[in-house]
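Read off the chains here:
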Amino acid sequence: MSFPEFFATVPRLALHDPLAEILGAAENGLIEYGYTDAAKLAGHSCPTVAGAYLMTLKALAKLYPDGCPVRGGIKVELNAAQADGVAGVTAAVAGLLTGAAGEGGFKGLGGRFGRRNLLQFAAAIDAELCFTRLDTGTRVTAVYHPEVVPAPPELQALMPKLLAGTASAAEKTEFGRLWQLRVKRILIDHFDDPELVVCREVPL
């Protein structure tokens, strides 16, 4: 299995998962995720997957400025309904990284470590995503602006051929290269761009 080389250079996220620790699934409960994990979960790599990954990383850094984020200790809310646009993809990536799950999530162990209903849609928030620490109630919102990194213009010319099934093998290869080039620019070149992902702490 191979992926574009830049996947391995995207900053990673380390978390402490108390459930993984108590069940012996990870030494000291430390779990690390990378962009490759998000791409595997989604089954593809695109600006939406990249944006969900970045929003989660940026929000958790702000939510836990002095320590390791606690997986399973974070509530995630989306302003979009579950069936809207790319909300499902965004939620899946945010859920992977934070442990937050919907009504089908882990119900807990002895009243602890529950993940169920920590992932919610159609929330009354003024942002795409809102991350809340369950221990302190601290909240951080995140908004993603993919238009900051526009697609290469050549993609527009290739897209109709690709969708119509008339693209040549070379054109298919070029389309994929250009598509991932934009994802790379989002995740690598613009990783620290304050206009790409805007995170704000919500006053308690």
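No experiment lies behind these values; they were computed from the predicted model shown. (Residues numbered from 1 in each chain as written. Predicted model: local features only at pLDDT ≥ 70, side-chain atom pairs only at ≥ 80, totals over all residues. Heavy atoms only, no water.)

K.L.:
Got a minute to help me understand the pairing of strand S6 (residues 139–144) in this structure?
P.N.:
Every regular strand shows the same layout, with side chains that alternate between the two sheet faces. Judged from the 4 bridges that link them, strand S5 (residues 129–133) and S6 form a sheet pairing that is antiparallel. What sits directly across from Thr132, in S6, is Arg139. Hairpin connection of S5 to S6: 5 residues between the antiparallel strands, including Gly137 at a positive phi of 80 degrees. (Pairing = 2+ DSSP bridges. Helix = DSSP H or I, 4+ residues; strand = E, 2+ residues; numbered from the N terminus.)

K.L.:
Just checking my understanding: could you explain the nonpolar core for this structure?
P.N.:
Nonpolar side chains tend toward joint burial in soluble globular proteins. Counting 49 residues, the largest nonpolar core has Tyr35, Tyr53, Val76, Leu97, Phe131 and Leu187 as its most contacted members. Sequence-distant contacts of Tyr35, defined by excluding residues within four places in its chain, comprise Phe7, Val10, Ser45, Cys46, Val49, Ala50, Tyr53, Val183 and Leu187. (Core = buried A, V, L, I, M, F, W, Y, C linked by side-chain atoms within 4.5 Å. Buried < 20%, exposed > 50% of the residue type's maximum accessible area, 1.4 Å probe, protein only. Contact = heavy atoms within 4.5 Å.)

K.L.:
Help me understand the environment of Trp179, please; the structure alone is not making it clear to me.
P.N.:
The residue Trp179 is located in helix H6 (residues 169–189) in this model. With 33 residues separating them along the chain, Trp179 and Pro146 place their C-alpha atoms 13 Å apart. For Trp179, the contacting residues outside a window of four places in its chain are Ser45, Cys46, Pro47, Leu155 and Met159.

K.L.:
Explanation requested: a nonpolar patch on the surface in the structure shown.
P.N.:
A grouping of Ile22, Leu23, Phe106 and Leu109 is seen on the molecular surface, where their side chains present a nonpolar patch of about 380 Å² in accessible area. Within the secondary structure, Phe106 is located in the loop between helix H4 (87–98) and strand S4 (119–120). (Patch = residues over 30% accessible without salt bridge, like charges linked within 9 Å, V, L, I, M, F, W, Y side chains within 5 Å. Areas by Shrake-Rupley, 256 points an atom, 1.4 Å probe, with all protein chains shown as cover. Salt bridge = Lys/Arg side-chain N within 4 Å of Asp/Glu carboxyl O.)

K.L.:
Explanation requested: the layout of surface pockets in the structure shown.
P.N.:
Empty space among the atoms can be located by rolling a probe the size of a water molecule over them. Taken as a whole, the largest pocket holds about 180 Å³ of empty space. What lines the largest pocket is a set of 16 residues, and nearest its centre among them are Met55, Val86, Ala87, Thr90 and Glu128. For the lining of the largest pocket, the secondary-structure elements that each account for two or more residues are helix H3 (47–63) and H4. Per-element tally for the lining of the largest pocket: the top contributor is H3, with 4 residues. The residue makeup of the lining of the largest pocket, split by class, is 10 nonpolar, 4 polar and 2 charged. (1 Å grid on protein atoms, 1.4 Å probe; cavity = no way out; pocket = protein on both sides within 12 Å on 5 of 7 lines; lining within 4 Å. Points joined across faces, edges and corners; volume = space filled by probe spheres on them. Nonpolar A, V, L, I, M, F, W, Y, C, P; charged D, E, K, R; others polar.)

K.L.:
Where do I start with the packing of aromatic side chains in this structure?
P.N.:
Both the distance between ring centres and the angle between the ring planes are used here to describe each pair of aromatic rings. Applying the stated rule across the entire model yields 5 aromatic pairs. Here the aromatic rings of Phe3 and Phe7 are separated by 5.8 Å at their centres, their planes lie at 25 degrees, and the arrangement is stacked. Assessed through its relative accessible area of 34%, Phe3 is described here as partly exposed. Phe7 sits in the buried class, given a relative accessible area of 5%. Aromatic side chains Tyr35 and Tyr53 sit 5.6 Å apart centroid to centroid with 80 degrees between the ring planes, which places their arrangement in the edge-to-face category. Placement of Tyr35 in helix H2 (residues 35–42) and of Tyr53 in helix H3 is noted, with a sequence separation of 18 residues between them. Here Tyr53 falls in the buried class, since its relative accessible area comes to 0%. Joined through ring pairs, the aromatic side chains of Phe3, Phe6, Phe7, Tyr35 and Tyr53 make up one cluster. (Phe/Tyr/Trp six-rings, centres within 6.5 Å; stacked < 30°, edge-to-face > 60°.)

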